[in-house]
Amino acid sequence: MELLDGKKAATKVQEDIAKEVAYLKEKGHRAPHLVAILVGQNGASMTYVNNKVTACERVGFASSVVNLPESVTQEELLGEIQKLNQDTTIDGFIVQLPLPKHIKEQEVLLAINPDKDADGFHPTNFGRMALGLEAFIPATPYGILELLSQYQIPTDGKNVVVIGRSDIVGRPISILLSQKPWNATVTLTHSRTQNLAALTQKADIIIAALGSPNFLKAEMIKEGAVIIDVGITRVADPSTKKGFRIVGDVDFENVKEKASYITPVPGGVGPMTIAMLMKNTLNAYKRTHKIQ
Ligand code: GUN
């Protein structure tokens, strides 16, 4: 078994971005600028946004966070988005999800200028991605593709089973891997799938993205399968300083004995997501500055 080291792979992506940013600055250009809108005080969301800010610093981007209270109205949030859409000093921005229940998420994502949609969540980018056109690809699927590429894991003609049909991971990664140049045969499974184990047992690659700790067991996989764990559930653990630990969707300790490659949690897909958000931001910047 070999670990798919997301930290290492993400560092490589970020080093390449940092070099490009240093070069752009040398040429007299301003730094790319990413903004995150954070609504409320969700602990996990605050951590993710902090990680994104730190990554921006590492690659030489400017970054800002727009903190809005949990009580923010739909109109106020849409107003903030319009400001960012119009601000020519901002290349890309994200609205950290989940949003409070009273906010209509789809309306919010629709309001984002697709050219600044660093998360690739706008229907225009999703549609373009699905058609194989140039688009911002959601950072987690993009990170999975980059991880597979860095470890030279073949996908052509392989059986891939994706568990979980979310708009931001399961569905887009299933679409992407079915396309050229990945050419995989993809089965997208979900909570209504019957006899999931029969499908996963035939899979060359399994992408677990359902958000259920330790869901994928060793008996559900075949010998030599490649296992990508997207899960990041916080589970209470009084023995840790923070009072919780992050648990993936894969029963890592047992599955690792049978897998050929496996991502750890943390340190697998998570760092890749952040790195690819940086890549999307750089691409947004290059697009508006007409830099190749
Ligand atoms: N919440 C969980 N994952 C993500 C992500 O990739 N982007 C945003 N904006 N929110 C998230």
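Throughout this document, residue positions are counted from 1 along each chain, in the order its sequence is written. At least 70 in pLDDT is required for a residue's local features to be given in this predicted model, at least 80 for side-chain atom pairs to be given and counted, and no such filter applies to totals for whole chains, interfaces and linings, which use all residues. Just so you know, side-chain values use all the structure's heavy atoms and leave hydrogens and water out.

Chemist: Got a minute to help me understand the overall build of the protein chain in this structure?
Modeler: Secondary structure is summarised from DSSP: a helix means a run of H or I of at least four residues, a strand means a run of E of at least two, and numbering begins at the N terminus for each. Scanning the protein chain from N- to C-terminus turns up ten helices and eleven strands. Between the two quantities, the radius of gyration covers C-alpha atoms and the globule rule is 2.2 Å times the number of residues to the power 0.38. Relative to the globule expectation of 19 Å for 292 residues, the C-alpha radius of gyration of the protein chain, 19 Å, shows essentially globular dimensions. Expressed as lengths along the three principal axes of its C-alpha atoms, the size of the protein chain is roughly 55 × 40 × 35 Å. Exposed residues in this analysis have more than 50% of their type's maximum accessible area, buried residues have under 20%, and partly exposed residues fall in between, with area computed by a 1.4 Å probe over protein chains only. When the 292 residues of the protein chain are sorted by exposure, 49% land in the buried category. A sequence separation of at least 24 residues applies to 72% of the contacts in the protein chain between residues at least 6 apart. Residue-level accessible areas treat just the shown protein chains as cover; the underlying method is Shrake-Rupley with a 1.4 Å probe. Only carbon and sulfur atoms are counted for the fraction: they give 52% of the accessible area of the protein chain, which is about 14,100 Å². The positive count covers Lys and Arg only, the negative count covers Asp and Glu only, and His and the chain ends enter neither. By convention, charge coordinates are those of NZ in Lys, CZ in Arg, CG in Asp, or CD in Glu. Put simply, the protein chain has 32 plus and 31 minus side-chain charges, and the middle of one group is 2 Å from the middle of the other. We call two residues in contact whenever any of their non-hydrogen atoms come within 4.5 Å of each other.

Chemist: Which parts of the structure should I look at to understand the sheet that holds strand E8 (residues 226-229)?
Modeler: Spatial strand order, E1-E11-E8-E7-E5-E6: six strands in an open sheet with parallel pairing. Of all strands in the sheet, those with a lone pairing partner are strand E1 (2-3) and strand E6 (185-189), marking the two edges. At least two DSSP bridges between two strands are needed for those strands to be called paired. Of the pairings in the sheet, the one linking strand E5 (residues 159-163) to strand E7 (residues 205-208) comprises four bridges and is parallel in character. Note that in E7 the partner of Val161 across the bridge is Ile206.

Chemist: Before we go on, may I ask you to explain the pattern of salt bridges in this structure?
Modeler: Oppositely charged side chains may form a pair once their charged atoms are brought near each other. A pairing counts as a salt bridge when a side-chain nitrogen of Lys or Arg comes within 4 Å of a carboxyl oxygen of Asp or Glu. Inspection of every chain in the model, using the stated rule, returns ten salt bridges. Ionic pairing is found between Arg287 and Glu134, a salt bridge with its closest N-O pair at 3.8 Å. Of this pair, Arg287 sits in helix H10 (residues 269-288) while Glu134 sits in the loop between helix H5 (123-130) and helix H6 (139-150), and the two are 153 residues apart along the sequence. Look at Arg287 and you get partly exposed, because its relative accessible area is 34%.

Chemist: What is the right way to read the site of the ligand from this model?
Modeler: The environment of the ligand is formed by Lys52, Val95, Gln96, Leu97, Asp119, Phe121 and Ile168. Any pair of N or O atoms that falls within 3.5 Å is considered a polar contact. Within protein, one atom must be able to donate a hydrogen and the other to accept it, and sequence-neighbouring residues count only if both atoms are side-chain atoms. Within the backbone of Leu97, a nitrogen or oxygen atom sits 3.0 Å from a nitrogen atom of the ligand. Between the ligand and the protein, one listed contact pairs a nitrogen atom with a side-chain N or O atom of Asp119 at 2.6 Å. Its free accessible area being 270 Å², the ligand has 82% of it covered by the protein chains. Considered class by class, the residues forming the shell around the ligand number four nonpolar, one polar and two charged. To be near a molecule or strand, a residue needs just one of its heavy atoms within 4 Å of it. Side-chain classes are defined by residue name, with Ala, Val, Leu, Ile, Met, Phe, Trp, Tyr, Cys and Pro counting as nonpolar, Asp, Glu, Lys and Arg as charged, and the others, Gly among them, as polar.

Chemist: Just to check I follow, could you spell out unusual backbone geometry for this structure?
Modeler: With omega at 0 degrees, the peptide bond leading from Leu97 into Pro98 counts as cis. Relative to the helices and strands, Pro98 resides in the loop between strand E4 (92-95) and helix H4 (105-111). For the peptide bond that leads from Lys180 to Pro181, omega is 5 degrees, which places it in the cis range. At Lys290, a position not held by glycine, the phi torsion is positive, near 50 degrees. Relative to the helices and strands, Lys290 is located in the segment after H10.

Chemist: Would you mind showing me how to read the UniProt feature "binding site: NADP(+)" (unreviewed entry) in the protein chain here?
Modeler: UniProt positions are given in the numbering used here, feature names are shortened, and annotations may be inferred rather than shown by experiment. In the numbering used here, UniProt assigns the feature "binding site: NADP(+)" (unreviewed entry) to Gly164, Arg165, Ser166 and Ile232. Topologically, Gly164 is positioned in the loop between E5 and helix H7 (170-178). Residues within four places of Gly164 in sequence aside, it is in contact with Gly170, Arg171, Leu188, Thr189, Ala209 and Leu210. Among the secondary structure elements, Ile232 is positioned in the loop between E8 and strand E9 (233-236). Overall, Ile232 belongs to the partly exposed group, its relative accessible area being 42%. If sequence neighbours within four positions are ignored, Ile232 has contacts with Tyr48, Ile246 and Val247.

Chemist: Help me understand the pairing of strand E3 (residues 62-68), please; the structure alone is not making it clear to me.
Modeler: Within a regular strand, the side chains alternate between the two sheet faces. Bridging between strand E2 (residues 33-39) and E3 involves seven bridges; their strand directions are parallel. Bridge pairing in E3 places Leu38 opposite Asn67. By convention a crossover is right-handed if, when the strands point away from the viewer, the path from the first strand over the helix to the second runs clockwise. At this point the chain moves from E2, through helix H2 (residues 43-59), to the parallel E3, and the crossover so formed is right-handed.

Chemist: Would you mind going over the side chain of Lys256 with me for this structure?
Modeler: Here Lys256 shows up in the loop between helix H9 (252-255) and strand E11 (261-262). Polar contacts involving the side chain of Lys256 include one to the side chain of Glu257, which spans 3.3 Å. Residues in contact with Lys256, not counting those within four places in the same chain, are Met1 and Ile262.

Chemist: Would you mind going over the sheet that holds E4 with me for this structure?
Modeler: Strand pairing in a sheet is mediated by backbone hydrogen bonds. Such pairs are either parallel or antiparallel. Overall, parallel pairing links the three strands, which are arranged E3-E2-E4 in an open sheet. Either end of the sheet is taken by a strand with one partner, and the two such strands are E3 and E4. Geometrically, the sheet is characterised by an average inter-axis angle of 15 degrees between neighbouring strands, direction not taken into account. Inspection of the sheet shows E2 paired to E4 by four bridges, in the parallel sense. Its bridge partner being in E4, Ile37 is matched across the sheet by Val95. Convention adopted: a line fitted to C-alpha atoms gives each axis, helices being fitted over their contacting stretch, and angles between N-to-C directions are expressed from 0 to 180 degrees.

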